[in-house]
Amino acid sequence: MAIGLLVDGWLSGARQCFSPHFNQRPGGEVSLLVIHNISLPAGCFGLPHIDGLFQGCLDIEADDSFAELAGLQVSAHFLIRRDGEVVQYVSCDDRAWHAGVSSFNSRTGCNDFAIGIEMEGTDTSGYTDAQYQQLTLLTLALMAHYPMIKLPNIVGHCDIAPGRKTDPGDSFDWARYKQAIVAATA
């Protein structure tokens, strides 16, 4: 899939899967990119449950582990599946609900100024070449559209919620990802 341009916060080329879990971004600032991971159930890939969670229609009867997710209102702007498919749930111009209690450079409430990208995976599973390729392309498109997003402002969920979150985990290759961004922008 070719990553395209952002129009009204929506990325051309991404599968759109609208989430009701968002609201207006106060001030409209976008200056932070947060990388997460997700799998539902944990360690299982390619299933429809992530879409269901972010759309507020997760079948909590589908797996015993889903009971704790009942009524949860959460979303991300993007998901990059194992095969490289990019799914968008919330316009980048709006505030998705992905970071929770968080802070970056002494600023709290990172959802106010961040874009959240979920990688289908776990802290220990590793990520696919297709995911790194799409993440790099998506990051470059976001940096072009939101010039306040700079390399130092690309972090993991673990960095903005230390002690509470561990994703994207030790299996995420930060050097590979950031070197690809640097090479593309050199």
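Residues numbered from 1 in each chain as written. Predicted model: local features only at pLDDT ≥ 70, side-chain atom pairs only at ≥ 80, totals over all residues. Heavy atoms only, no water.

### A short note on the overall build of the protein
Within the protein one finds four helices and 12 strands. By principal-axis analysis of the C-alpha atoms, the protein measures approximately 50 × 35 × 35 Å. Expressed as a percentage of its 186 residues, the buried residues of the protein come to 51%. As displayed, the protein offers around 8500 Å² of accessible surface, 54% of which is attributable to carbon and sulfur atoms. In the protein, 11 side chains carry a positive charge and 21 a negative one; their mean positions are 8 Å apart. (Helix = DSSP H or I, 4+ residues; strand = E, 2+ residues; numbered from the N terminus. Buried < 20%, exposed > 50% of the residue type's maximum accessible area, 1.4 Å probe, protein only. Areas by Shrake-Rupley, 256 points an atom, 1.4 Å probe, with all protein chains shown as cover. Lys, Arg positive; Asp, Glu negative; His and termini not counted. Charge placed at Lys NZ, Arg CZ, Asp CG, Glu CD.)

### Considering the sheet that holds strand E11 (residues 114-120)
On the basis of which strands lie adjacent, the open sheet formed by six strands has the order E3-E7-E6-E11-E5-E12 and mixed pairing. The two strands at the open ends of the sheet, each matched to only one other strand, are strand E3 (15-16) and strand E12 (154-156). Two strands pair when backbone bridges link them, and strand E6 (residues 78-80) and E11 are joined in this way by three bridges, in the parallel orientation. Note on E11: the bridge partner recorded for phenylalanine 78 is isoleucine 117. (Pairing = 2+ DSSP bridges.)

### Overview of the pattern of salt bridges
Counted under the stated rule, the structure contains eight salt bridges. Two residues, arginine 95 and aspartate 112, come together in a salt bridge whose shortest N-O distance is 2.4 Å. Here aspartate 112 lies in the loop between strand E10 (107-108) and E11 and arginine 95 lies in strand E8 (residues 94-96), a separation of 17 residues in the sequence. The class for arginine 95 is buried, based on a relative accessible area of 18%. Each of Arg15, Asp51, Arg81, Glu85 and Glu120 takes part in a single network of salt bridges with overlapping partners. (Salt bridge = Lys/Arg side-chain N within 4 Å of Asp/Glu carboxyl O.)

### Quick notes on the side chain of asparagine 37
With respect to the secondary-structure elements, asparagine 37 resides in strand E5 (residues 32-38). Its relative accessible area of 15% is what places asparagine 37 among the buried residues. A polar contact of 3.1 Å, which involves the side chain of asparagine 37, links it to the backbone oxygen of proline 168. The contacts of asparagine 37, once residues within four sequence positions are left out, are Glu118, Met119, Gly121, Thr122, Asp123, Tyr127, Asp167, Pro168 and Gly169. (Polar contact = N/O pair within 3.5 Å; in protein donor to acceptor, adjacent residues only side chain to side chain. Contact = heavy atoms within 4.5 Å.)

### Considering the packing of aromatic side chains
The tally for this structure, following the rule as stated, stands at eight aromatic pairs. Here phenylalanine 54 and tyrosine 89 contribute two aromatic rings whose centre-to-centre distance is 4.9 Å and whose plane-to-plane angle is 80°, an arrangement assigned as edge-to-face. Of the two residues, phenylalanine 54 sits in helix H1 (residues 49-55) while tyrosine 89 sits in the loop between strand E7 (86-88) and E8, which places them 35 residues apart along the sequence. For the pair shown, phenylalanine 54 and tyrosine 89 are each scored as buried. Members of the aromatic cluster, connected to one another through ring pairs, are Tyr127, Tyr132, Phe172, Trp174 and Tyr177. Arginine 82 extends its terminal NZ or CZ atom over the ring of phenylalanine 45, reaching a point 4.3 Å from the ring centre. Note that arginine 107 overlies the ring of phenylalanine 113, its terminal NZ or CZ placed 3.9 Å from the centroid. (Phe/Tyr/Trp six-rings, centres within 6.5 Å; stacked < 30°, edge-to-face > 60°. Lys NZ or Arg CZ within 6 Å of the ring centre and 35° of its normal.)

### Let's talk about the pairing of E5
Most of E5 is tucked away, with seven of its seven residues classed as buried. Residues Leu32, Val34, His36 and Ile38 of E5 are buried on one face, and the alternating residues Leu33, Ile35 and Asn37, pointing to the opposite face, are buried as well. As paired elements, E5 and E11 share seven bridges and run parallel to each other. Note that in E11 the partner of isoleucine 38 across the bridge is glutamate 120. As defined by bridge partners, E5 adjoins E12 across three bridges and the pair is classed as parallel.

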